[in-house]
Each structure stands twice: as structure tokens, then as C-alpha cells.
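# Survey of secondary and tertiary structure
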Amino acid sequence: SSGRATYKMTSNVFSGTMRLSWTGGGAKYHQDTSMTMRVASNRKTMPVNMWSLFDGRNLYTVSPMFGAKTAMRMKLSPQMSRSMMLSTLNTSPQGLSGKLVGRGEILGRPCEIRQSNVTNDKVSVHTKVWLWQDLPLRVESLVNIKATQGKNATPARKIQTSVVATGVQTGIKFSPALFTLPKGYTVRDVQLPPGNRPAQRR
């Protein structure tokens, strides 16, 4: 399957829009994000515009903060890439496997509503996600970051985020160029932190 979804994102630290285009049921995708970040230290705002694509083998991310015409590349399996694609929308550490708590409808599409709560000594994350065919159409999350003590002490923080689909189209025939890194980019390879790498099969 192929399609495109657009989202409105709001929180107490950022706001913006995102457009997600996919083909092959998510085997390849392209994501555009445009948002404004609130800088807590001086109460100013900072624009953030970036895009990424997965071509079936590599995930490329392009942002002005990396430098002009520079793409960061990570080698990922299709399974891991899909997980990362959805993690952009779903902040829960449990991914999409939360407890089924109800059913609803977003943009005329029937959704499962799943909820998850994860707490440790540093943070607590409470997430509710509306899923249509494994695609999040709405995500409401609350992240409580606990205060730390010592030399580099930090105050407690609360981040509340809402991501809501404003449009969904399926059956779109995309140009293959949408899922291919354009020529002229400098590519830099990066690796996932050990804790985020997929488990190796034995």
C-alpha cells in the first residue's frame, strides 16, 4: 500500500506540521517536518525544518544544523526503519503495543485506542494513540522528567504533546525519486546508540 498523511503537532515546547509519504506498506517513506521550537533559556523561538527518507536500505536525514547539502545516513533493516518512522509519531517506549482501551474514529477511519504508561527513576511517559491499520492518526502524550540533584542538577520538566492527522490519502502513485537521496549531497554515516539497535537473532 502507499499513501500520505499530514499532521498538526502542538506542545509546550514546539508546534508545527509533518507530512509522511510511504510506499510498499512502509518499506520506503519520505517525511517532511516544519516546526518552531521554544527555547526555554531565553523564551525565544527557533525554526526547525528537516526531512528524511528511507530507501529500503538506508535512512537519510537532512537538516540545516548538519550543514548545507549534508545528509546523515543510518543503515537499517526495513523492520527497524518502520519502527523509527512510527516513533516520530508515538513517543511511548512501548511502541504501539499499549493496552487496548477503546475504539474511535479519526477522519472517518476506525481506530483502536491504545494506552501505555512507563515510569522509571528518571522519567514517566503516559501515551494514548489512535491507530488505523497500524498508522497513528492521533497521539496524546505527557512526559514528566524528574529533577536531578548534584553538580549538574536540573529542574523537573513536563512536556505535553498532541499530534493529530489533518489528512490521509491512500493509493497514491509516487515518483521513485521521492524515496531516493538527490545527487549532490555529502553523506555522513552514523550509528544508532547500542540501546536502540534491534536485537540480533540467534
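Our subject is the structure listed above.
Quick caveat, the model's predicted, so the values are computed rather than measured. (Residues numbered from 1 in each chain as written. Predicted model: local features only at pLDDT ≥ 70, side-chain atom pairs only at ≥ 80, totals over all residues. Heavy atoms only, no water.)

Next up on the list: the sheet that holds strand E7 (residues 99–106). Strand order in the open sheet made by the twelve strands is E7-E8-E9-E10-E11-E1-E2-E3-E4-E5-E6-E12, with mixed pairing throughout. The two strands at the open ends of the sheet, each matched to only one other strand, are E7 and strand E12 (186–189). Put simply, the sheet's adjacent strands are angled 20° from each other on average, direction ignored. Bridge analysis of strand E1 (residues 3–11) against strand E11 (residues 157–170) gives nine bridges, and the strand direction is antiparallel. In the sheet register, threonine 6 faces E11, and the bridge partner there is glycine 167. (Pairing = 2+ DSSP bridges. Helix = DSSP H or I, 4+ residues; strand = E, 2+ residues; numbered from the N terminus. Axes fitted to C-alpha atoms, helices over the stretch in contact; angles between N-to-C directions.)

On to the pairing of strand E9 (residues 123–132). Looking down a regular strand, the side chains alternate between one sheet face and the other. The element E9 is extensively covered by neighbouring structure, given that seven of its ten residues are classed as buried. In terms of strand pairing, strand E8 (residues 109–119) meets E9 through eight bridges, oriented antiparallel. Its bridge partner being in E9, valine 118 is matched across the sheet by valine 125. In textbook terms, the turn of a hairpin is the stretch between consecutive antiparallel strands, and for E8 and E9 this stretch comprises three residues. Bridge count for E9 against strand E10 (residues 135–145) is ten bridges, and the pairing is antiparallel. Its bridge partner being in E10, lysine 128 is matched across the sheet by glutamate 140. Here E9 folds back onto E10 in antiparallel fashion, the turn holding two residues, of which glutamine 133 has a positive phi close to 50°. (Buried < 20%, exposed > 50% of the residue type's maximum accessible area, 1.4 Å probe, protein only.)

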